[in-house]
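Coordinates in review
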Amino acid sequence: MPKPRFFSGIALLALLAGGCGLAGASPERDVVVPAEPTLIDFVDPATVTGLSTRTLTEGNSSTSVRYAYIKYPELADAPALNRALAEQARRQLRDFRERTRRRGVRPRPELNVDWQLAAASSQAIAVRLRTGEFLGAGWGNSTRTLWFDPREGKAVGSTELLNGPEALPRLAALVREQLEGRGAQVEQDVVTGGGDEFDSMAFNHSGDLVVEFDDCQIGPCPLGRIAVAVPAGQVAPLLSAFGRRAQEGVQGDDVSGPFPHVPAHSPAAASNKAGTVDCAKVKCVALTFEDGPGPHTGRLLDVLRKERARATFFTVGSSAAAQPELLRRMSSEGHLVGNHSWAHRDLSKQPTSRIADELGRTEAAVAAAIGQSPTLVRPPYGAVSRDLYDVARTMGFALVTWDVDSRDLEGGKGADIAARTVRETHPGAIILMHDIHRETVDAVPDILKRLRGKGYSFVTVPELYGPAHMQAGHLYRSGASRPVSSP
Ligand code: NI
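Residues numbered from 1 in each chain as written. Predicted model: local features only at pLDDT ≥ 70, side-chain atom pairs only at ≥ 80, totals over all residues. Heavy atoms only, no water.

What about helix H10 (residues 352–370)?
Between its terminal C-alpha atoms H10 stretches 27 Å, which fits the 27 Å expected from 19 residues at 1.5 Å a residue. Those residues of H10 that fall on the buried side of the exposure criterion are Ile355, Glu358, Leu359, Thr362, Glu363, Ala365, Val366, Ala367 and Ala369. Packing partners of the buried residues in H10 comprise strand S11 (312–315), helix H8 (317–322), helix H9 (324–332), strand S12 (336–339), strand S13 (376–377) and helix H11 (386–395). Note on H10: the residue one or two positions beyond its end, Gly371, has a positive phi of about 75°. (Helix = DSSP H or I, 4+ residues; strand = E, 2+ residues; numbered from the N terminus. Expected span 1.5 Å × (residues − 1). Buried < 20%, exposed > 50% of the residue type's maximum accessible area, 1.4 Å probe, protein only. Contact = heavy atoms within 4.5 Å.)

And the structure:
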């Protein structure tokens, strides 16, 4: 059996759509995908010790001008890389804000940054950042790969894999050779090695150098991702000492872990994991935390355990897959783990196939971590569409938004978040919070104490509905209101 690997979904799509001159693959025809050298074998982040995730985000209310969700890893032994990633994230958000100042644009402009580990060995670490931007006419994607040299303790760009500036035109010539035969629309002549052309490079499993271009960079935008693999032997003379170590790193032991075992979907299991509280008789409130797990989730779990309060965590799939131990803690300590999509893009802008992919991948990551499929979905930004309802119904998910917003994204200290939340809470409330924020976690002990003083019990979302149960394809905002069955 071939060794399972983590493939880039977009690479696969690009291959299907653009491998032979660009006509899209006919849906009627069976398409056999051959081993594709431009696919990078990503390292399973859960196998990397000392890895956590960081998130910058914006937008959640009906008044927000834009949506942004930027995610990147943080590695215990790579402080220079962490600094470079944090700086890159802040710069991207700042630039995006500058470019999207106009209010009331619909659908909202959106920035989304996801990441993968293109290498993680003792020789080199590589973080591939994939940026998607939606500015009204569809998504444009770009990639950038940052490298870390553990020997020097330095974070560098992809071109540092090469042996100085004179290697750039020589690599460009090899790239042009690889682009021959890709169809007339690919503009191979524009590849000269200048500018940021080679800002996303990594090695495939055979040690070939995979050079990726952004959408629209060397061909019409609809072509999507264009990448080439320069054979290991050809690229060897162009590599720097660090580049050679990085190449050796990927050709060493297979560092990716076992492919997650995905239990069969069982809609009845997780959402019925209710406690013993009867919300028909006592005052209940459901605290919901989304966007994690993140660097403050462990501390939040400590607080909830100490105060004997249960909550619902809507986890982002890619962060969940990177930190499965935090999900295991949530589950074993009595909390409910829900699905907040894989990459946190606004699903109301996505076609059904993409919605199903976002929810299905996250479902698999959660199931792999805790042995149980989630049955609740919190749509990113609370944005819903008819397609989302349909996919949720088909896949067996109930949709959950909120009716009390702690507004913890708006800044302010923990005390302000606590005061606002306590003031607006009512029996049956579903409260929106984000466990990626320090201040949110700071606010929780106070919220628990004051609400408990008012006679509230803290339950998971399904417990609000008791024996009536929650139904797939319906949207729930509050235990005090009826579910909505279509937009
Ligand atoms: Ni969210």
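So, the side chain of Thr100
Looking at where Thr100 falls in the secondary structure, it is placed in the loop between helix H2 (79–99) and strand S3 (110–120). Within the structure, the side chain of Thr100 is placed 2.7 Å from the side chain of Arg66, a separation counted as a polar contact. From its side chain, Thr100 meets the backbone oxygen of Phe96 in a polar contact 2.6 Å long. Setting aside anything within four residues of it in sequence, one finds Thr100 in contact with Val65, Arg66, Pro109 and Leu135. (Polar contact = N/O pair within 3.5 Å; in protein donor to acceptor, adjacent residues only side chain to side chain.)

Side note on the sheet that holds strand S7 (residues 201–203)
Adjacent strands of a sheet form backbone hydrogen bonds with each other and so pair up, either parallel or antiparallel. Reading across the sheet, the three strands line up as S7-S8-S9 and stay open at both edges, with antiparallel pairing between neighbours. The open sheet is flanked by S7 and strand S9 (226–230), the only strands paired with a single partner. Strand after strand, the sheet turns through a mean of 25° between neighbouring axes, direction not considered. Here S7 runs beside strand S8 (residues 209–213); their pairing, made up of three bridges, is antiparallel. Looking across to S8, one finds that Phe203 is bridged to Leu209. Those strands touched by helix H3 (residues 167–179) are S7, S8 and S9, and its axis lies near 110° from that of S9. (Pairing = 2+ DSSP bridges. Axes fitted to C-alpha atoms, helices over the stretch in contact; angles between N-to-C directions.)

Quick notes on the coordination of the nickel ion
Ligation of the nickel ion by protein atoms is provided by Glu290 (OE), Asp291 (OD), His340 (NE2) and His344 (NE2), these donors lying 2.0 to 2.2 Å from the ion. Motif for the nickel ion, donor spacing along one chain: E-D-x48-H-x3-H. (Donors = N, O, S within 2.8 Å, 3.2 Å for Na, K, Ca; no water.)

Things to note about the state of the cysteines
Scanning all chains against the criterion turns up two disulfides. Two residues share a disulfide in this structure: Cys216 and Cys221, whose sulfurs sit 2.1 Å from each other. What sets the handedness of the Cys216 and Cys221 disulfide is the S-S torsion sign, and at about 120° it is right-handed. By relative accessible area, Cys221 is classed as partly exposed at 43%. There is a disulfide in this structure between Cys279 and Cys284, and the S-S distance comes to 2.1 Å. Disulfide Cys279-Cys284: torsion about the S-S bond near -90°, hence left-handed. Judged by relative accessible area, Cys284 falls into the buried class, the value being 2%. Disulfides within the protein link the bonded cysteines, taken in sequence order, as 1-2, 3-4. (Disulfide = S-S within 2.5 Å.)

Focus: the pairing of strand S16 (residues 429–434)
When you tally the buried positions in S16, you get six out of six residues, the bulk of the element. Side chains Ala429, Ile431 and Met433 of S16 all project onto a buried face; the interleaved residues Ile430, Leu432 and His434 project onto the opposite face, where all are buried too. Where strand S10 (residues 283–290) lies against S16, six bridges are found, and the strand directions are parallel. Looking at S16, one finds that Val285 is bridged to Ala429. Note that strand S15 (residues 404–405) and S16 share two bridges and pair parallel. Opposite Asp405, over in S16, you have Leu432 as the bridge partner.

Here's the deal with the packing of aromatic side chains
Tallied over the entire structure, the rule returns six aromatic pairs. Ring geometry for Trp147 and Phe203: centres 6.2 Å apart, planes at 75°, overall edge-to-face. Of this pair, Trp147 sits in strand S5 (residues 139–149) while Phe203 sits in strand S7, and the two are 56 residues apart along the sequence. For the pair Trp147 and Phe203, a shared accessibility class is recorded, and that class is buried. The ring of Trp139 carries Arg345 above its face, with NZ or CZ at 4.0 Å from the centroid. Over the ring of Trp342 we find Arg361, and its NZ or CZ is 4.3 Å from the ring centre. (Phe/Tyr/Trp six-rings, centres within 6.5 Å; stacked < 30°, edge-to-face > 60°. Lys NZ or Arg CZ within 6 Å of the ring centre and 35° of its normal.)

A few points about the pattern of salt bridges
The tally for this structure, following the rule as stated, stands at 30 salt bridges. When the shortest N-O distance is used, the salt bridge between Asp149 and Arg245 registers 2.8 Å. Here Asp149, found in strand S5, pairs with Arg245, found in helix H5 (residues 241–251); they are 96 residues apart in sequence, far enough to count as distant. The exposure class assigned to Asp149 is buried, which follows from its relative accessible area of 6%. Across the pair Arg378 and Glu290 runs a salt bridge whose closest N-O atoms are separated by 2.8 Å. Highlighted residues: Arg378 in the loop between S13 and H11 and Glu290 in strand S10, separated in sequence by 88 residues. Each member of the pair, Arg378 as well as Glu290, carries the same accessibility label: buried. Here the salt bridges share partners, and the residues they tie into one network are Asp302, Arg305, Arg329 and Glu333. (Salt bridge = Lys/Arg side-chain N within 4 Å of Asp/Glu carboxyl O.)

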